[in-house]
Amino acid sequence: MPNPTPNPRLAAVEPAPIARAFGWRDSYDGRHGPLIDCSQAVPDHAPPPPLAERLGAAAASADAARYGPILGDPALREVYAQQVSEFYGVDIGPGRVAITAGCNQAFFAAMLGVATAGDAVVLPVPWYFNHQMSLAMTGIEPRLLPATEADGFLPTADGLRAVLDEKCRAVLLVSPNNPTGAIYPPELLTEIFDICVERGLYLILDETYRDFLPPGSGATHDLFSRPEAADHLVSLYSFSKAYAIPGHRLGAIIAGEAFLASMQKAIDCIQICPPRPGQAALVWAIPAMADWRRESAAAIAARGEAFAAAIAAIDGWEIVQIGAYFAYVRHPYAGVPAEDIAAALVRELGILVLPGSFFGPGQDAYLRIAFANVAAERVQEIARRLAIGLGADTRETIDG
């Protein structure tokens, strides 16, 4: 009897990059001290005690143990709508908000809402790997749009027009970007949105790292004020980083009410409703923790400045883009696969970073370093270890 075969689309997707990187950790023998993990974008601290207390109280309540509304609890939808309205200076009603089980679920559900197998979604390269994986496993073509170092790792409007055809259903942007940290300027977002409106496309704008824009930068676009936004704009967000609660899995979508009504079917089948204890706690946290969020963002910005200064002092290493949680760094081993370099950095120096090759083709010259993961004093330790360099045996293997 023949054996059953798995879904070929799912089987063709590469293993989860974070899991692959975590597999390298056991190769480190501790010679330089504890492993420094700069791989996954995770706050290096627990949520503040007042939020933690509310999370615990909500988790113990009978109400939060029950199913909730598919698109999220009304109280959180209203509070988040108010926060975004104030930030962008435009009235966004709670009927345009959906709360999701993290931003990854928000993205997956949004893709089911905009495209089907055989369609294409424009994906700038370098990409966030979960976006590419989600498209591939659903049979949606990731239509690659180069975003090169020469252009600050931002795509151009002309480049976008060149890759569009009748198969394209949406354009996906991440700002501040993962993996590069690049921030899309308002004029570029406007230009790309205009193209989407002209071509009848959705603009999917992932603003997971919006809370970590440079201090005082304010809103980076006015797209929510555009009359076409209800039909063409889908905004994604994550509460994980700003509130230090990634394990509680909460994200959000802002889109037109008709779009959310359709997408509700996908969310219902994926998880029925977003986690409820975290929703209850965030109703308090969004207004109450505004100062804490600003202080946290300022601390991470200071880490970025310290990291940039430390790397600048090391021969052969170059930060080519930095922002929010990430630095995109050119390593000194030209022509060597980035995955080999990343694995060697763990084994020899106890530094876990992600290779540029995890983020798309043509990225082997780079490594993504999530500097926000580590306390300020550890930034200098990263630089100290990189300055030591890889051992002779490793260099010979790599060069060979």
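Just so we're clear, the structure is a prediction, and the values are computed from it rather than from any experiment. (Residues numbered from 1 in each chain as written. Predicted model: local features only at pLDDT ≥ 70, side-chain atom pairs only at ≥ 80, totals over all residues. Heavy atoms only, no water.)

**With respect to the packing of aromatic side chains**
- Taken as a whole and assessed by the stated rule, the structure comprises 18 aromatic pairs.
- Centroid distance Tyr128 to Phe129: 5.3 Å. Interplanar angle 40 degrees. Geometry classified as tilted. There is no split in this pair, since Tyr128 and Phe129 are both buried.
- Plain terms: the ring middles of Phe153 and Tyr366 are 5.5 Å apart, the flat faces sit at 85 degrees to each other, and that makes the pair edge-to-face. Of this pair, Phe153 sits in the loop between strand S4 (141–146) and helix H7 (157–163) while Tyr366 is found in strand S13 (residues 366–369), placing the two residues 213 residues apart along the sequence. Tyr366 carries the same exposure label as Phe153, and that label is buried.
- Aromatic rings pair up to connect Tyr80, Tyr237, Phe239 and Tyr243 into one cluster.
- Between the NZ or CZ atom of Arg25 and the centre of the ring of Phe22, over which it lies, the distance is 4.0 Å.
- Seen from the ring of Phe87, Arg210 lies directly overhead, with NZ or CZ sitting 5.9 Å from the centre. (Phe/Tyr/Trp six-rings, centres within 6.5 Å; stacked < 30°, edge-to-face > 60°. Buried < 20%, exposed > 50% of the residue type's maximum accessible area, 1.4 Å probe, protein only. Helix = DSSP H or I, 4+ residues; strand = E, 2+ residues; numbered from the N terminus. Lys NZ or Arg CZ within 6 Å of the ring centre and 35° of its normal.)

**Comments concerning the domain arrangement of the chain**
- Taken domain by domain, the chain holds domain 1 (8–46 + 291–390) and domain 2 (62–289).
- Taken over C-alpha atoms, the centre of domain 1 sits 25 Å from the centre of domain 2.
- Taken together, the contact pairs 35 residues of domain 1 with 35 residues of domain 2.
- Here domain 1 packs against domain 2, burying approximately 2900 Å² in sum over the two surfaces, 67% of which is carbon and sulfur.
- Counting the surface domain 1 buries against domain 2, the share from its top three residues, Arg9, Arg293 and Phe359, is 23%.
- At the boundary of domain 1 with domain 2, the tally comes to one salt bridge.
- Here Arg330 and Glu149 are joined by a salt bridge, their closest N and O atoms 2.3 Å apart.
- Our enumeration of links across domain 1 and domain 2 arrives at 11 residue pairs in polar contact (both at pLDDT 80 or more).
- Elements represented by at least two residues in the side of domain 1 that touches domain 2 include exactly helix H1 (8–12), helix H2 (17–22), helix H12 (290–312), strand S9 (318–323), strand S10 (326–330) and S13.
- The element that contributes the greatest number of residues to the side of domain 1 that touches domain 2 is H12, accounting for six residues.
- Its residues placed into classes, the side of domain 1 that touches domain 2 shows 24 nonpolar, five polar and six charged. (Domains from an automatic or database assignment. Contact = heavy atoms within 4.5 Å. Buried area = accessible area lost by both parts, 1.4 Å probe. Salt bridge = Lys/Arg side-chain N within 4 Å of Asp/Glu carboxyl O. Polar contact = N/O pair within 3.5 Å; in protein donor to acceptor, adjacent residues only side chain to side chain. Nonpolar A, V, L, I, M, F, W, Y, C, P; charged D, E, K, R; others polar.)

**Re the environment of Leu260**
- Among the secondary structure elements, Leu260 is positioned in helix H10 (residues 257–271).
- Overall, Leu260 belongs to the buried group, its relative accessible area being 1%.
- Note: C-alpha distance between Leu260 and Arg96 (164 residues apart in sequence) is 7.2 Å.
- Once residues lying within four places of it in the same chain are set aside, the contact partners of Leu260 are Leu71, Gly95, Arg96, Val97, Ala98, Ile253 and Ala255.

**Some points on the sheet that holds strand S3 (residues 120–125)**
- In spatial order, the strands read S2-S8-S7-S6-S5-S3-S4; together these seven strands make up an open sheet with mixed pairing. Strand pairing shows two members of the sheet lacking a second neighbour, strand S2 (97–100) and S4, which therefore form its edges. Each strand of the sheet is rotated relative to its neighbour by a mean of 25 degrees, with strand direction disregarded.
- Of the strand pairs in this sheet, strand S6 (residues 202–206) and strand S7 (residues 233–238) are connected by four bridges, and their pairing is parallel. From the neighbouring strand, Asp206 faces S7, where its bridge partner is Leu236.
- Against the sheet, helix H5 (residues 102–114) engages S2, S3, strand S5 (168–174), S6, S7 and strand S8 (251–254), with an angle of about 160 degrees to S7.
- Contacts from helix H8 (residues 186–199) reach S5, S6 and S7 within the one sheet, and its direction differs from that of S6 by about 145 degrees. (Pairing = 2+ DSSP bridges. Axes fitted to C-alpha atoms, helices over the stretch in contact; angles between N-to-C directions.)

**Examining H5**
- Given a rise of 1.5 Å per residue, 13 residues ought to cover 18 Å, and the 19 Å separating the end C-alpha atoms of H5 matches this to within 8%.
- Every buried residue of H5 is listed here: Gly102, Cys103, Gln105, Ala106, Phe107, Ala109, Ala110, Met111 and Val114. (Expected span 1.5 Å × (residues − 1).)

**Describing the pairing of S6**
- The buried fraction of S6 is high, at five of five residues.
- Taking every second residue as pointing to the same face, both faces of S6 are buried, with Tyr202, Ile204 and Asp206 on one and Leu203 and Leu205 on the other.
- One ladder, built from five bridges, connects S5 with S6; its direction is parallel. Bridge pairing in S6 places Val171 opposite Leu203.
- Following the chain from S5 across H8 to the adjacent parallel S6, one finds a crossover that is right-handed. (Right-handed = clockwise from strand over helix to strand, strands pointing away.)

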